[in-house]
Amino acid sequence: MELTFEAFRENAGRVRGRVAEVCARAGRAPTEVEVLPVTKTHPAAAAAFAARLGFHAVGENRVQEAAAKRAEFEADAAAQPLRWELIGHLQSNKARLAAARFDRVQSVDGAKLLRELDKASAALGKTLPVLLQVNAGRDPANFGAEPEAAPALLEQALACAHLRVEGLMTLAPLDGGNAAARRCFANLREIRDRLARDFGAALPVLSMGMSGDLDEAVAEGSTLVRVGTALFGSR
Ligand SMILES: *Cc1c(COP(=O)(O)O)cnc(C)c1O
């Protein structure tokens, strides 16, 4: 990896500064927003940097890549505890490996995947935290349940004894620009508020915003921004 720890520390300071600035404008406390460093395509050293700077979790978008990286990271005796979160699309046939290797899956978008993750978590004797991915920007190029399908998906998720639904996740439309991103994030927050009310469920986590649209996301209530490029450089 080209990046030095010092450069990473500076990048992290800039990202946290941006989050704090938008929070101040929006009347939010910066402690409401967690930054999740996204280490996909980067080596295990990137995760080690994140842990060393005090981040508690990292995000990865491919199961096998993350499993190998996590094993390498944990083989280092000095490794600090770090949670690993899956943020990329997950196929049902990889649910078992995902349930075993991740501490939370953010990209749950269908009934079959829910069933497979629940079954796998039961076999592992664990309760797996999950987020439901909703295509709040209605981008045909994005994964996620359609907004209309979200209530049924939540109902199914709440019935899974070995999953714990902590909130929702979305990706802004890929080429809609920042205005479309902001509408998408506002929509996800409204969907969350409605679901929380209708189901009497606490859905505290709103995972939305990446390097290019984190200002819009934080302004619209994001509690978790997933940041790769702004921390580790371009991939
Ligand atoms: C890669 C990725 C990110 C981070 O993107 P950057 O633009 O590099 O910050 C966030 N969320 C998901 C789902 C990703 O796949």
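Residues numbered from 1 in each chain as written. Predicted model: local features only at pLDDT ≥ 70, side-chain atom pairs only at ≥ 80, totals over all residues. Heavy atoms only, no water.

## Here's the deal with the packing of aromatic side chains
Two numbers describe a pair of aromatic rings. These are the distance of the centres and the angle of the planes.
Then comes step 1: Considering all chains together, one arrives at six aromatic pairs under this definition.
Then comes step 2: Measuring from centroid to centroid gives 6.4 Å for Phe-5 and Phe-8, while their planes differ by 45 degrees, and the two rings are tilted. Here Phe-5 and its partner Phe-8 are both found in helix α1 (residues 5–26), three residues apart, which amounts to about one turn of the helix.
Then comes step 3: What makes Phe-8 buried here is its relative accessible area of 0%. (Phe/Tyr/Trp six-rings, centres within 6.5 Å; stacked < 30°, edge-to-face > 60°. Helix = DSSP H or I, 4+ residues; strand = E, 2+ residues; numbered from the N terminus. Buried < 20%, exposed > 50% of the residue type's maximum accessible area, 1.4 Å probe, protein only.)

## Section: the site of the ligand
Then comes step 1: Taken together, Val-38, Lys-40, Ile-87, Leu-171, Met-210, Ser-211, Arg-226, Val-227, Gly-228, Thr-229 and Arg-235 form the complete shell of residues around the ligand.
Then comes step 2: With respect to the ligand, the backbone of Gly-228 contributes an N or O atom lying 2.8 Å from an oxygen atom.
Then comes step 3: Between the ligand and the protein, one listed contact pairs an oxygen atom with a side-chain N or O atom of Arg-235 at 2.8 Å.
Then comes step 4: For the ligand, whose accessible area on its own is 390 Å², the fraction buried by protein is 90%.
Then comes step 5: At a threshold of 2 Å from the grid points, most atoms of the ligand map onto the largest pocket. (Near = heavy atom within 4 Å. Polar contact = N/O pair within 3.5 Å; in protein donor to acceptor, adjacent residues only side chain to side chain. Areas by Shrake-Rupley, 256 points an atom, 1.4 Å probe, with all protein chains shown as cover. 1 Å grid on protein atoms, 1.4 Å probe; cavity = no way out; pocket = protein on both sides within 12 Å on 5 of 7 lines; lining within 4 Å. Sits in = over half its atoms within 2 Å of the grid points.)

## What to know about the state of the cysteines
Then comes step 1: Counted under the stated rule, the structure contains zero disulfides.
Then comes step 2: Cysteine Cys-23 shares no disulfide, and the gap to the nearest cysteine sulfur, in Cys-184, comes to 19 Å.
Then comes step 3: On the accessibility criterion, Cys-23 (0% relative accessible area) is buried.
Then comes step 4: By relative accessible area, Cys-184 is classed as buried at 1%. (Disulfide = S-S within 2.5 Å.)

## Some thoughts on the layout of surface pockets
Then comes step 1: Considered as a void within the structure, the largest pocket measures approximately 540 Å³ in volume.
Then comes step 2: In terms of lining residues, the largest pocket is bounded by 28 residues, among which Lys-40, Asn-61, Ile-87, Gly-88 and His-89 are the most central.
Then comes step 3: Its residues assigned to classes, the lining of the largest pocket shows twelve nonpolar, eleven polar and five charged. (Points joined across faces, edges and corners; volume = space filled by probe spheres on them. Nonpolar A, V, L, I, M, F, W, Y, C, P; charged D, E, K, R; others polar.)

## Things to note about unusual backbone geometry
Then comes step 1: The residue Thr-41 is not glycine, and still its phi comes out positive at about 70 degrees.
Then comes step 2: As for its placement among the helices and strands, Thr-41 is situated in the loop between β1 (34–37) and α2 (44–52).
Then comes step 3: The phi dihedral of Arg-138 falls on the positive side, at around 50 degrees, and the residue is not glycine.
Then comes step 4: Counting through the fold element by element, Arg-138 comes out in the loop between β5 (128–133) and α6 (150–158).
Then comes step 5: By relative accessible area, Arg-138 is classed as partly exposed at 46%.

In short, shape yes, function no, at least from these values alone.
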